[in-house]
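Spelled out, the chains give:
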Amino acid sequence: MRPSPKTDVLVAVDTALRPTGFVRRGHAWLQERGDGVAGWLGFGVSGSLDLTPLVGVCFRRYDEVCRALGVGIPATPMISMPVGALMGEKPVWHWNFPPDGDHAAVASALVASILKFGKPYVDKYAKWETVARELVAKPESLLDFERARKLAIIHVLNGNAGAAGEVLKKERERVADSRDVYARSYRAFAHRFELAFTR
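Everything numeric in this text was worked out from a predicted model, so none of it was measured.

## Concerning the overall build of the chain
- Broken down by element type, the chain carries seven helices and six strands.
- Listing each helix as α and each strand as β along the chain from the N terminus yields α-β-β-β-β-α-β-β-α-α-α-α-α.
- With respect to the three principal axes, the spread of C-alpha positions in the chain is 60 × 35 × 35 Å.
- Considering only contacts within the chain whose residues lie at least 6 apart along the sequence, 51% involve residues at least 24 apart.

The following block contains the structure:
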C-alpha cells in the first residue's frame, strides 16, 4: 500500500531535518539543548499539501508542573512563533509540496528557512531566564486563555509564590461572574495550583 501524499511530504521534511539535530517525536520535532530544554518544531498542514512551520522551546521543569496540575500537553512549547513571523519584510507563511513535485527540494528550502529565521529564535529563548523575564515584562504577549496559568507557573518556578498568588487572584476576579468553559477550568486550575504551591 502506497503512503499518503502527506506521509511522503513529512518523510521528505524529516530527511531534510536530520542533520539539524531535530528528531521527530510524535507530531513534532525536538532538538535537545541540555538541562531539560529542547527546541521544538511543528507544522500546520493546510490545503492540498501546504506546511506552515512553527518554532518554539520546551522546558522539562515547566512540563512537570503542568503534568502535576493536570494541564497542557506534554512536549508542547512554552513559547512558539510561526517562522513567517520571524522573516521580516517578505515573509513566507507556508511551503507548498505539489503532489507530483520534487518534495526533497521543497523540504530543503523549508529547512534552510527554519535554520536561518527559526533557529535564532530557539537559540534566544532556550534560556529559562530570558523567557521568564520577557513573559513577565510583557504578559500581553501571551494569549488570554493561557496568560494567568503560564505566569503563575513561571513565578513559582522562580521561587516567588507570592507573585504567583497575585496572578491567580487577579484572574479569578476577572472571571468571577463568568460561567463559560474557560472560567470553570481556570477556577479548577487555580484551586489545584494553590493546594500544590501557595499554602
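## Here we look at helix 7 (residues 181-197)
- Across its 17 residues, helix 7 extends 24 Å between first and last C-alpha, which sits within 8% of the 24 Å expected from 1.5 Å per residue.
- If you check which residues of helix 7 are buried, you get Ala183, Tyr186, Phe189, Ala190, Phe193 and Glu194. The buried side chains of helix 7 occupy one side of the element, clustering within an arc of 130 degrees when seen end-on. In helix 7, the exposed positions angled more than 90 degrees off the buried face are occupied by Val181 and Leu195.
- The elements touched by buried residues of helix 7 are helix 2 (60-69), helix 5 (144-157) and helix 6 (161-174).

## Notes on the side chain of Asp14
- If you trace the backbone, Asp14 turns up in helix 1 (residues 5-17).
- Residue class for Asp14 comes out buried when judged on its relative accessible area of 17%.
- Excluding residues within four positions of it along the chain, Asp14 makes contact with Arg24 and Trp29.

## As for the environment of Ala161
- The topology assignment puts Ala161 in helix 6.
- It is 6.8 Å that separates the C-alpha atoms of Ala161 and Phe197, two residues lying 36 residues apart in sequence.

## Notes on the nonpolar core
- Counting residues in hydrophobic clusters, the biggest one holds 55 residues, and the most contacted among them are Val13, Phe97 and Phe193.
- With five residues, the next largest nonpolar core counts Ala28, Leu30, Trp40 and Cys58 among its residues.

Parameters and conventions
- Residues numbered from 1 in each chain as written.
- Predicted model: local features only at pLDDT ≥ 70, side-chain atom pairs only at ≥ 80, totals over all residues.
- Heavy atoms only, no water.
- Helix = DSSP H or I, 4+ residues; strand = E, 2+ residues; numbered from the N terminus.
- Contact = heavy atoms within 4.5 Å.
- Expected span 1.5 Å × (residues − 1).
- Buried < 20%, exposed > 50% of the residue type's maximum accessible area, 1.4 Å probe, protein only.
- Arc of directions from axis to C-beta.
- Core = buried A, V, L, I, M, F, W, Y, C linked by side-chain atoms within 4.5 Å.

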